[in-house]
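Structural overview
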Amino acid sequence: MTGLRSWLLRRLLLGAGQTVAVVLLVFALTEALPGDAAVALAGDQPDPGRIAAIREAMHLDRPAYERLGEWAAGLLHADLGSSLTSGRPVSSYLADGFGPTVVLAALTLLLLVPVGGGLGVLAARYEGRLGDRLISSVTLGVYAVPEFALGVLLVAVLALRLGWLPPTAVGYGGDLLAHPAALVLPVAVLLSRPVCSLTRLVRAGMIDALASPYVAQARRYGIPGARIRYAHALPHALAPAAQQLARTIDWLLCGVIVVEALFVIPGLGTVLMNAVTERDVPVIQGLAVVFGCTAVVLNLGADLVIHRFVPRTGVAA
């Protein structure tokens with residue numbers, strides 16, 4: 001128990017350090033963005049005096065370290081600032097885009113875990129045989145297709161040619177659950193590459209676990225094969241799969257820009273694209289900080305899962 005607490009404390013301190021690094025990096029990168037928000041808001045052929053007035057009103061004329069300190073102090077109170085273009089709180093932008101993105105992420109994960117894990121276990125069970133070669137070939141082929149190309153292909157065939165599904169989510173607003181047909185193609189595209197990665201990781205982990213001495217000993221004791229696979233081998237195959245799952249959740253929650261743009265879904269990715277187009281720095285900073293902190297938390301959760309199922313990896317962590 002003492003070792004677990006010490007390990008957890010080290011991971012929490014590391015996570016805190018990573019969060020601080022995220023905040024500093026986000027501010028530095030947004031400061032390096034080309035263009036000027038004041039010029040963008042001043043309109044076509046702006047007057048220099050108007051640009052100076054806008055910069056003063058937005059506090060853009062203040063030194064960078066002062067703006068960094070004020071912004072970081074606001075973050076400590078969960079204040080992400082306000083939009084330069086509309087004056088709305090950045091948190092309201094997050095609230096607007098969070099719902100559609102979470103719906104897509106949740107549906108994708110609900111299918112990803114059983115499908116990816118099941119295919120990985122099935123491929124490992126029939127290692128080297130037809131089933132294993134078929135699953136490995138299909139997952140490798142699907143993974144090689146970019147999301148945008150796969151999305152365009154599915155829209156062209158299933159939506160435009162056959163008319164089975166709507167091509168985009170236009171007209172449905174943010175209530176995607178009320179229109180499940182509009183979710184089929186986006187979820188299929190989001191699921192395509194993660195399920196291939198998870199299948200191959202679970203397969204590799206299961207093969208290593210099934211070849212280990214403790215599994216051979218369990219077979220000598222006459223333990224049924226299903227119990228060996230799911231109660232003994234599968235937990236030890238979860239270490240790489242847990243890290244991949246954490247990266248996938250982070251990828252989904254942080255807004256899959258290509259998929260949301262292709263299917264016109266008003267999620268976090270769309271909010272980020274609009275903010276970049278309008279040079280709305282506070283919105284970009286707020287979204288980037290939330291995305292970065294989400295990645296830190298998810299990786300910490302993945303480390304906890306690995307430490308629980310494969311305690312020996314805690315030494316390396």
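Reading the values: the criteria
- Residues numbered from 1 in each chain as written.
- Predicted model: local features only at pLDDT ≥ 70, side-chain atom pairs only at ≥ 80, totals over all residues.
- Heavy atoms only, no water.
- Helix = DSSP H or I, 4+ residues; strand = E, 2+ residues; numbered from the N terminus.
- Buried < 20%, exposed > 50% of the residue type's maximum accessible area, 1.4 Å probe, protein only.
- Areas by Shrake-Rupley, 256 points an atom, 1.4 Å probe, with all protein chains shown as cover.
- Phe/Tyr/Trp six-rings, centres within 6.5 Å; stacked < 30°, edge-to-face > 60°.
- Lys NZ or Arg CZ within 6 Å of the ring centre and 35° of its normal.
- pLDDT = per-residue confidence, 0-100.
- Salt bridge = Lys/Arg side-chain N within 4 Å of Asp/Glu carboxyl O.
- Polar contact = N/O pair within 3.5 Å; in protein donor to acceptor, adjacent residues only side chain to side chain.

**A closer look at the overall build of the protein**
Secondary structure summary: the protein contains 15 helices and zero strands in total. A total of 317 residues make up the protein; the buried ones form 40% of that total. Entry remark: accessible area of the protein is about 16,800 Å², with carbon and sulfur atoms responsible for 67%.

**Notes on the packing of aromatic side chains**
According to the stated counting rule, one finds zero aromatic pairs in the structure shown. Over the ring of Tyr93 we find Arg88, and its NZ or CZ is 4.4 Å from the ring centre. Sitting above the plane of the Tyr143 ring, Arg193 keeps its charged end 4.3 Å from the centroid.

**With respect to the confidence of the model for the protein**
Per-residue confidence for the protein gives a mean pLDDT of 79, with 86% of residues at or over 70. Put simply, helix H15 (residues 313-316) is where the protein has its lowest mean pLDDT, 41, and helix H6 (residues 130-143) is where it has its highest, 90.

**So, unusual backbone geometry**
A negative phi angle characterises most non-glycine residues, just as the trans form characterises most peptide bonds. In this structure, Val264 takes a positive phi of about 55 degrees despite not being glycine. Within the secondary structure, Val264 sits in the loop between helix H12 (257-262) and helix H13 (268-278). Accessibility expressed as a relative area gives 40% for Val264, which makes it partly exposed.

**Some points on the pattern of salt bridges**
Applying the stated criterion across every chain, the model contains three salt bridges. Of the charged contacts, one joins Arg88 and Asp96 as a salt bridge, the two residues approaching to 2.6 Å between their closest N and O atoms.

**Here we look at the side chain of Thr101**
Within the secondary structure, Thr101 is located in helix H5 (residues 90-125). Within the structure, the side chain of Thr101 is placed 2.9 Å from the side chain of Glu260, a separation counted as a polar contact.

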